[in-house]
Structure formats: C-alpha cells, structure tokens
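Letter by letter, the chains look like this.
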Amino acid sequence: MLPKAEFVHWWFATGFLIIGLLLLAEAFVGEDAWRRRPWRPYLWPSFAFLMGVLMWPVMVFFTSSTIHMLAHGSWAQVMMLAGAAELGLARGKLHSPYWRLCTALAFVVSGTAFLIHEQNGWLYARSAFLHHLIGWTLVTGAVFPLLRSFRPRAAALQTGFALVFIVLSVSLYCDRDVAPVFGHLSPVAGEPHR
Amino acid sequence: MESHFATEAAAQLRRRSPRAVAVNLIGPVTMLGGVAWAFLQPYRLTFLHPQRQGFWWLLSEPPLYVIVVGLVFALVLAPGLLEDLEEVEDAAEG
C-alpha cells in the first residue's frame, strides 16, 4: 500500500525546510563561524544528497505516467550531483568554486522538470498551481546558486539561496492530491478532500 | 543571588549581536509556524483523533514535522553555533 503523493511531498518539504534553515543560519553567522565545527559544513550537502537518493524509490513506485517517472529520475540525479559536489567542496577534495554551478544546474533542471511534467494549467487544481509555482521559483531562483559560484561569501546571495529552499518547502507543504486553488478546481480533476 | 543572575542574563542579551539574535530566532519562529498551522488545521494532526486512520495518515503529521525541525534546530544546532559566533566576533574585536 503506497502512501499518497501528498504525504511524500510533505516529507520532502521537511527535508527542504531543514536545508533552508541550515543555509539561513550559515548566511547569518558567516562562513568562519559556520566552519568552526568540522562536521557542520557537511550538514546541508548531506541532506541534499540523501534526498536525491530517496528520490529513486519515489521514481520507482510513483509511476503514474512516463513523464512523472522521468521528472522524478532527473530530480534524483541532479540532487545527488549537487549534494556530492557541495560535499566535495566541504571536504576539500574539490577546489574550484565553479563546482557550485552543479547546484545551479540542479535548480534549472528541477524547475524545468516541474514545468514540463505539469500538463495542466495554473488553475486546474492546487497541485497544478504549485507545480507551476515551484517550477518558476526554481528556474528564477537558480540565479542565487549561479552567482554564489562567483561570490561564495556574499551574505545576500546566501540568504536568497536559503529562502528559495524555504519557499520550496512551504509550497510542498501546501500540496494536496485533489484540492481547489483560489476557489478553482477543474471538474475533471476528481473529488476534493481535505 | 537571583537578581545577580538576572542582571547577568540581561547584560548578555544586550551584548548579543543582530546576527546572534537572528540565529536565535530561527528555531522559535519555525516552531511558531508549525503551531500556527496546527491551530489553523487541527485535522492535519491525526494523532489527536487516531480512530479509523491508516498507517500513512498517522505517520504524516506535517505541522508536527515543522515544530520538530524548529525544536531540533533550537536545541541541537543553535547553542553551539552561537558559541562559535561569539568567539569569531570576539576575535574580530581583538
């Protein structure tokens, strides 16, 4: 018996909330204080990598359509890539700050996958609205990890980067399998539930 | 004795930099968000009315997730981080 899709969205929302709060704290205290404990720089990249790994079972079990499977698979790959690159940088195995571009790539690929795999319009149902919203949030929010690759210590970029994760988390928490959005729900979307 | 502790605590609060205050607020604000959500949608907390709820419904308590994340941040991460921030700021002041 599989969990409902909305449950899985809430679990991933929690993961993104954790990442967002960690990044926000790092932005507030600065890199010097953040790196004072050797385990701390590994925290958010580990969560990102782990969430990429956990996306594989989602891809395998939630096969409502081929395009959903491809979207979940692409998220799994890019989240693991971004997490691994950031882990490599935290460990010192990778030296070039341009490895951070992997995270920008993950944002663009994830956002594009959200936009492409949502076949319905914005006001079809709440999940459709949120897919569009999350897609555009990630595509436009990619500017933060992109610029962060060139200016890794800029607090404003770090804060923006963290806030994208928090917005993503709130959006995923708002997700319901079938629910109206701003009073709109397509009659073919199905029976709404709380 | 008590007033001495109170004076010291107040002085410590006054000394806290805006960055330290911001870090200190992350956990409580997150928890507050979860609590507000729980009050707005109490039916999301299925453990309050567990009859006839399936396993997944009982496992999925999103307002509780938010509260736990805030709590863990405030209790586990924030104290050490504030300590380190204070050390860095003291070092910078010379």
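Below is a summary of the structure that appears in this document. (Residues numbered from 1 in each chain as written. Chains lettered and ligands numbered in written order. Predicted model: local features only at pLDDT ≥ 70, side-chain atom pairs only at ≥ 80, totals over all residues.)

**Observations regarding the overall build of chain A**
The cut-off we apply is this: The way it works is that DSSP assigns letters per residue, a run of H or I at least four long becomes a helix, a run of E at least two long becomes a strand, and they are numbered from the N terminus. All radius of gyration figures rest on C-alpha atoms, and the globule criterion is 2.2 Å times the number of residues raised to 0.38. The burial label depends on the number of other C-beta atoms within 10 Å of a residue's C-beta. Counts of 20 or more mean buried, 12 or fewer mean exposed, and intermediate counts mean partly exposed, with C-beta atoms placed from the backbone.
Along chain A, the regular secondary structure elements total 8 helices and 0 strands. For chain A, the α and β elements follow one another from N to C terminus as α-α-α-α-α-α-α-α. Taking 194 residues into account, the globule formula puts the C-alpha radius of gyration at 16 Å, and chain A, at 17 Å, falls close to it. Projecting the C-alpha coordinates of chain A onto the three principal axes gives extents of approximately 55 × 30 × 25 Å. In chain A, which comprises 194 residues, the proportion classed as buried is 42%.

**Description of the nonpolar core**
Using the following cut-off: The nonpolar core is taken to be a set of buried Ala, Val, Leu, Ile, Met, Phe, Trp, Tyr and Cys residues joined by way of C-beta atoms within 7 Å. Our contact criterion uses C-beta atoms placed from the backbone: two residues qualify when those atoms are within 7 Å.
With 66 residues, the main nonpolar core has Leu 21, Leu 23, Ala 25 and Met 79 of chain A together with Val 23 of chain B as its most contacted residues. The greatest single-element share of this core, amounting to 16 residues, is contributed by helix α1 (residues 5-29) of chain A. The residues touching Leu 23 of chain A, leaving out its near neighbours within four places in the chain, are Trp 44, Gln 158, Phe 161, Ala 162 and Phe 165 of chain A.

**Regarding unusual backbone geometry**
Of note, the phi angle at Phe 182 of chain A is positive, near 50°, even though the residue is not glycine. As for its position among the elements, Phe 182 of chain A is in the segment after α8 (155-173). Given 9 C-beta atoms within 10 Å, Phe 182 of chain A falls into the exposed group. Positive phi outside glycine occurs at Arg 52 of chain B, with the angle close to 60°.

**Re the environment of Gly 121 of chain A**
All names here are of chain A. Along the chain, Gly 121 turns up in the loop between α5 (101-117) and α6 (126-141). Taking the number of C-beta atoms within 10 Å as the measure of exposure, Gly 121 has 12 and is therefore exposed. The spacing of Gly 121 and Phe 165 is 44 residues in sequence and 24 Å in space, taken between C-alpha atoms.

**Some points on the interface of chain B and chain A**
What counts, and what does not: Just so you know the grouping, Ala, Val, Leu, Ile, Met, Phe, Trp, Tyr, Cys and Pro go in nonpolar, Asp, Glu, Lys and Arg go in charged, and all remaining residues, Gly too, go in polar.
The interface is formed by 19 residues belonging to chain B together with 18 residues belonging to chain A. Per element, the largest residue contribution to the side of chain B that touches chain A is 11 residues, and it comes from helix α4 (residues 62-93) of chain B. The residue makeup of the side of chain B that touches chain A, split by class, is 14 nonpolar, 3 polar and 2 charged.

**Some thoughts on helix α7 (residues 143-150) of chain A**
Residue and element names in this part refer to chain A. Here is the rule we go by: By construction, the arc corresponds to the directions joining the helix axis to the C-beta atoms.
All of the buried residues in α7 are Phe 144, Pro 145 and Arg 148. Projected onto a plane normal to the axis of α7, the buried residues spread over an arc of 95° and lie on a single side. Each element contacted by the buried residues of α7 is listed here: α5, α6 and α8.

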